[in-house]
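What follows is each chain in one-letter form.
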Amino acid sequence: MTGPSAPSSSARTILPGKRIARRELQSLLDRSHDFALTLLLAPAGSGKSTLLQQWQQHRSDLRSVLLGLDASDGDPAHFFRRLGEVLRQVVPQFDTVSYNALSAEISLPAISVAESLEQAFAIVKGPLYVLLDDFQHARHPLIQQVIALLLERLPAHVHFVVASRTHPDFSLSRLKLEDRLLLIDAHDLRLATSQVQELAQQLDMTLEEDEAEHLLALTEGWMAGVKIALLAAARSSQQVLRDFNGQQPEVVDYFAHVVLRDLAPAMHDFVLGTSAFGQFNAALCDAVLERQDSARLIDVIASQGMFLQSVSGRTGWYRYHPLFQDFLKNRLSIEMPERIETLHVAASEWLLSQNETEMALQHASECHHGHFRQSLREGCARWLHSGDYAAIIRWAGPLPDQEVTGDSDICFPLIGALIFSRRFNQARYYLDLIKEQENTFTGRGRFMDDSTPKFLEIMLQLFQHETDFLMNADEEVLLNSCRHHDIRAFSLAMLAYHRLLQANFSQATQYALQAKTVLAQLGYEYLESYADLILIMSDRNTGNPVAAIQRAESFMERYRDKPQNPAWINATLALAVVRYEQNRLETARQLCEELMPLVNTACATEVIVTTYLTLSRLLSLHGEHTRAARLLLQLQRILLLGNYERFMGQVAFEEILQAYTRGQHDQIERIATQHQLPERLARHTWHAARNYEEGWERYGLAAALWLRHKGKLAEAGQILSVLSATSRRCGVMARALIIDANLVVIQHLRGDQKGALQVQQRLIEEHGLICINRIVYDEAPGLVDIIRQAHARQQIVLPDIYLQVFRDSFRQEHAEAGTETAPSYSMATLTSKEMEILELLQQGMSNNEISQATGVALSTTKWHLKNIFAKLGVANRTAAILRASQRSALSLGMAVMQLGALL
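Scoring rules and cut-offs
Residues numbered from 1 in each chain as written. Predicted model: local features only at pLDDT ≥ 70, side-chain atom pairs only at ≥ 80, totals over all residues. Heavy atoms only, no water. Helix = DSSP H or I, 4+ residues; strand = E, 2+ residues; numbered from the N terminus. Areas by Shrake-Rupley, 256 points an atom, 1.4 Å probe, with all protein chains shown as cover. Pairing = 2+ DSSP bridges. Axes fitted to C-alpha atoms, helices over the stretch in contact; angles between N-to-C directions. Contact = heavy atoms within 4.5 Å. Buried < 20%, exposed > 50% of the residue type's maximum accessible area, 1.4 Å probe, protein only. Salt bridge = Lys/Arg side-chain N within 4 Å of Asp/Glu carboxyl O. Parallel < 35°, antiparallel > 145°, perpendicular 65-115°, else oblique. Left-handed = near helix turned anticlockwise from the far one by under 90°. Expected span 1.5 Å × (residues − 1). Patch = residues over 30% accessible without salt bridge, like charges linked within 9 Å, V, L, I, M, F, W, Y side chains within 5 Å. Lys, Arg positive; Asp, Glu negative; His and termini not counted. Charge placed at Lys NZ, Arg CZ, Asp CG, Glu CD. 1 Å grid on protein atoms, 1.4 Å probe; cavity = no way out; pocket = protein on both sides within 12 Å on 5 of 7 lines; lining within 4 Å. Points joined across faces, edges and corners; volume = space filled by probe spheres on them. Nonpolar A, V, L, I, M, F, W, Y, C, P; charged D, E, K, R; others polar. Phe/Tyr/Trp six-rings, centres within 6.5 Å; stacked < 30°, edge-to-face > 60°. Lys NZ or Arg CZ within 6 Å of the ring centre and 35° of its normal. pLDDT = per-residue confidence, 0-100. Polar contact = N/O pair within 3.5 Å; in protein donor to acceptor, adjacent residues only side chain to side chain.

Some details on the overall build of the protein chain
Per the secondary structure count, the protein chain includes 50 helices and eight strands. Here the protein chain displays about 36,500 Å² of accessible surface, and carbon together with sulfur accounts for 50% of that area.

What about the sheet that holds strand β2 (residues 37–41)?
What the five strands build is an open sheet, ordered β3-β4-β5-β2-β6; its pairing is parallel. Looking at the sheet topology across the chains shown, the edges are occupied by β3 (64–68) and β6 (181–185). Sheet twist, expressed as the average angle between the axes of neighbouring strands with direction ignored, equals 15°. Of the strand pairs in this sheet, β2 and strand β5 (residues 158–164) are connected by five bridges, and their pairing is parallel. Paired with leucine 39 across the bridge in β5 is valine 162. Together, β2, β3, β4 (128–133) and β5 form the strand contacts of helix α2 (residues 48–58), whose direction differs from that of β4 by roughly 155°.

So, the pairing of β2
Summarising burial for β2: five of the five residues are buried, a large majority. Of the two faces of β2, both are covered, the one formed by Leu37, Leu39 and Leu41 as well as the one formed by Thr38 and Leu40.

Some thoughts on the pattern of salt bridges
The tally for this structure, following the rule as stated, stands at 51 salt bridges. Here arginine 589 ties to glutamate 593 by a salt bridge, and the two come within 3.6 Å at their closest N and O atoms. Of this pair, arginine 589 and glutamate 593 both sit in helix α32 (residues 585–595), separated by four residues, roughly a single helical turn. For the pair arginine 589 and glutamate 593, a shared accessibility class is recorded, and that class is buried. Between arginine 680 and glutamate 645 there is a salt bridge; the shortest N-O distance is 3.3 Å. Placement of arginine 680 in helix α37 (residues 677–682) and of glutamate 645 in helix α35 (residues 645–662) is noted, with a sequence separation of 35 residues between them.

Some words on unusual backbone geometry
Generally, phi is negative for residues other than glycine and the peptide bonds are trans, each holding for most cases. The residue alanine 503 is not glycine, and still its phi comes out positive at about 60°. Counting through the fold element by element, alanine 503 comes out in the loop between α27 (485–501) and α28 (505–522). With a phi close to 60°, glutamine 676 is a non-glycine residue in the positive phi region. You can see glutamine 676 is positioned in the loop between α36 (665–674) and α37.

Points about the packing of helix α34 (residues 625–639) against α35
In a pair of packed helices, the angle between the axes and the distance between the axes together describe the arrangement. The contact between α34 and α35 brings their axes to 10 Å, and the two run at 160°. Classed by the angle they form, the pair α34 and α35 counts as roughly antiparallel. Between α34 and α35 lies a crossing whose hand is left-handed. Together, His625, Ala628, Leu632, Leu635, Gln636 and Leu639 of α34 and Phe647, Met648, Val651, Glu654, Glu655, Gln658 and Arg662 of α35 make up the contact between the two elements.

Let's talk about helix α31 (residues 566–581)
Along its 16 residues, α31 runs 23 Å from first to last C-alpha, staying within 8% of the 22 Å computed at 1.5 Å per residue. Among the 16 residues that make up α31, 16 are buried, leaving the element largely enclosed by the rest of the structure.

A few points about α35
Here α35 is 18 residues long and its end C-alpha atoms lie 26 Å apart, about the 26 Å a rise of 1.5 Å per residue gives. Here α35 lies mainly inside the structure; 14 of its 18 residues are buried.

Some thoughts on a negative patch on the surface
On the surface, Glu208, Glu209, Asp210 and Glu213 cluster together into a negatively charged patch. When you line up the elements, glutamate 208 lands in the loop between α9 (193–202) and α10 (209–219). Take glutamate 208: its relative accessible area is 49%, and that puts it in the partly exposed class.

Thoughts on empty space enclosed by the protein
If you walk through the whole model with that rule in mind, you get ten cavities of 30 Å³ or more. There is about 1,000 Å³ of room inside the largest cavity. Surrounding the largest cavity, 46 residues form its lining, Arg540, Asn541, Glu694, Arg698 and Arg735 being those nearest its centre. For the lining of the largest cavity, the element with the highest residue contribution is helix α33 (residues 605–621), accounting for seven residues.

Describing the packing of helix α19 (residues 357–364) against helix α21 (residues 389–396)
Interhelical geometry of α19 versus α21 gives an angle of 5° and a closest axis separation of 12 Å. Relative to α21, the element α19 lies roughly parallel. Contacts between α19 and α21 involve Glu358, Leu361 and Gln362 on the former and, on the latter, Ala391, Arg394 and Trp395. Here the contact of α19 with α21 is composed, by residue class, of three nonpolar, one polar and two charged.

A short note on the packing of aromatic side chains
Enumeration over the complete set of coordinates arrives at 24 aromatic pairs. Between phenylalanine 412 and phenylalanine 490, the aromatic rings sit 5.8 Å apart at their centres with planes inclined by 15°, giving stacked as the arrangement. With phenylalanine 412 in helix α23 (residues 408–420) and phenylalanine 490 in helix α27, this residue pair connects regions lying 78 residues apart in the sequence. The cationic tip of arginine 314 hangs over the ring face of tryptophan 317; the distance from NZ or CZ to the ring centre is 4.3 Å. Over the aromatic face of tyrosine 699 sits the side chain of arginine 680, whose NZ or CZ is 3.7 Å from the ring centroid.

Brief notes about the confidence of the model for the protein chain
Per-chain confidence: the protein chain averages 84 in pLDDT, with 85% of residues scoring 70 or above. This stretch, residues 1–18, has a pLDDT under 50; its non-local contacts, to residues over four places away or in other chains, come to 50 contacts. Contacts from residues 887–903, a stretch scored under 50 in pLDDT, to residues over four places away or in other chains number 42 contacts.

Digging into the side chain of histidine 344
On the secondary structure map, histidine 344 appears in helix α18 (residues 340–353). The class of histidine 344 is buried, set by a relative accessible area of 10%. If sequence neighbours within four positions are ignored, histidine 344 has contacts with Ala276, His363, Glu366 and Cys367.

A short note on the environment of leucine 615
Along the chain, leucine 615 falls in helix α33. Assessed through its relative accessible area of 0%, leucine 615 is described here as buried. With 25 residues separating them along the chain, leucine 615 and glutamine 590 place their C-alpha atoms 9.1 Å apart.

Regarding the side chain of threonine 614
Among the secondary structure elements, threonine 614 is positioned in helix α33. Classification of threonine 614 as buried rests on a relative accessible area of 8%. At a separation of 2.7 Å, a polar atom in the side chain of threonine 614 contacts the main-chain carbonyl oxygen of threonine 610. Not counting residues within four places of it along the chain, the set of residues in contact with threonine 614 comprises Val577, Tyr580 and Cys592.

Written out as structure tokens, the structure reads:
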């Protein structure tokens, strides 16, 4: 039987020949369906990993996942992200939002994480086996507490099988008392005499029964000890078995000595040299060891059984088994101590050249300090470009203060990363140190410029105080006149963001376009994507959805096949919101589910909030109200870390909205009290129009919905009128549309159907149907019913394509309309002149522009348009564009633009 290949989620030990099939242990694991936890507890080399792999392959009829852990899984965010990833391979709908980097920032308690996982497992249909290998690496107290709590409440159809070298850091007493624990220990994993003989046969050796029993006695049945002894004998003679000392760790030393003694000099040097690498591939070995045959030598090592393991998820990369590598590193320090630093320097330089920055710094940290600092400067520059601010903080943060402030290539990226990660107090600490140095960096670096500390100060004030920060004229001049070209680009992005916060969308767009151009030229991928987001938000806020959709689609196209880096997160979120607007809810949800494990402290606050809010709403629409509420609670905890009144307003509205649509009247009152809506009303917060502020508007919308719930429609209408006037005056047309949509519902509820209809017609005429998307329907509960009724009465004409897009909302009305004999509309009836005018109409031209382009009088153009509307069965320009986009191949580029805006 050929040994099973390991799943991608765990490391695979490469040994010569075949593996023995331990049927008795596989049968023992078959009993795991009767237990919440099956624990394989034994030392390294006992065969735990091989057993898990063989059992998973043998029981392919069971739904299972295997996750092999390593040292990086000591980080809870990393561990739970990987756990979610492997679970979603077999359970696509599994909840991945139980814990992420933001959860760590708000110190999410273990009970909350455990409850999230419990609820996620509860919705899984049928038995599920979760196999965790090398669990000794997951020693963080939070991970241990979560697993302990989860096992206490694990659904009966979910079973954990955990392999570990050490006892878990939680009590197993309760599981034992409840007979929910199956323990498989080192005694169970011991080899039998016949299995030792089978291993020997695989190495072309024959062992008599007494020889096999002698070897078992020496090794106490330890799998690794038996294999090592047999491999040593195969390389030398069976005489070594009689001289063999089977105790740990001497057995490893013995084997390694035998191996190294018999190796050719070139192979000997290769094995010792590669021991300096935590992971290696043939290219790294060729470059550092100055060879051309590393691939062949790696194959030889694997074939000779020197405990080589492939690295999960990295094709062609390998590492030694820890037992063997410890010995090799010790021998390297004895035989070639002068080579150690040379190897690390060469490895760090090659890895940097391959963009393996973290691995490069791990090697550089083993070198002299000057080489490490130079490598760190290069790493900070790369991470600043890519937006990996967490890596900057992780590597530069622990440095002594003097080393940070003495090098602008480290200090500037670190302070910027702290600000973007909302660690404002730490950023302030370093800025104060710079002030003590008379507002200048000491030492060296690319960012040695007098304007740099002042730029960082303004940046800190802007991100810390958000809408409360008003940039004065001197600060704006400073940002516009920065001499350093990189800081000049950053300044343009900051100005764009500031204008966005102040609802000055034209200037936000202007600055963002400039920033995007310069940042792209300089290679700042993440900040360029941030400028993309500002442009999309500006387009959307000003009621230009087609431009926003086009930007989002092209934005995502740039990153579709790229790694999931911070820029990819921005692009994916933009597309997720577009898909939600287009009523493609399942696609939007899938995108948000992909984002959740990746959203971290370095993401822009808008990205974090929009991801959480969008996914929460989509879950609520899908009926997953518990998950939806949990996301909103986590988001509130995150926002408590800063001055985020505008985002808290969004949370307040979302909570009220979800409770209202579910009819949870007691919850509505609780939410209103929690967010102080009665007090805000008493202070006349929405008494008169004012400058637009996002938090003020969202709290106002929440208050209006609360008042509507209480039956105080007149008061709700007054608030909405004030919000509408402010939004319109400040040009925030997307929000004005939603507010006016709520006014339509209020008028309808007050019995003013005529007034409600007039407002509906005005909104369609003013904004176009393309703007009345799924978000509008969801944020103005009741609107879809009113529009459906108006369509049924033929008071509003909804094109077929629109009804198709929103078929879930208009299904009943559309089906009823389909039973009648409806007139047939076709573009084939249009004349050539009408086709020409329709094409110009699709390009967004006004009537005057169409007249000039076609050379006909304005009155003639209007007459042609009237005929076009009649032949297409539509009532206005927007509907004609939609109908043409649906049924015509005219002007393919524009058709894609318009049709893509809805489909």
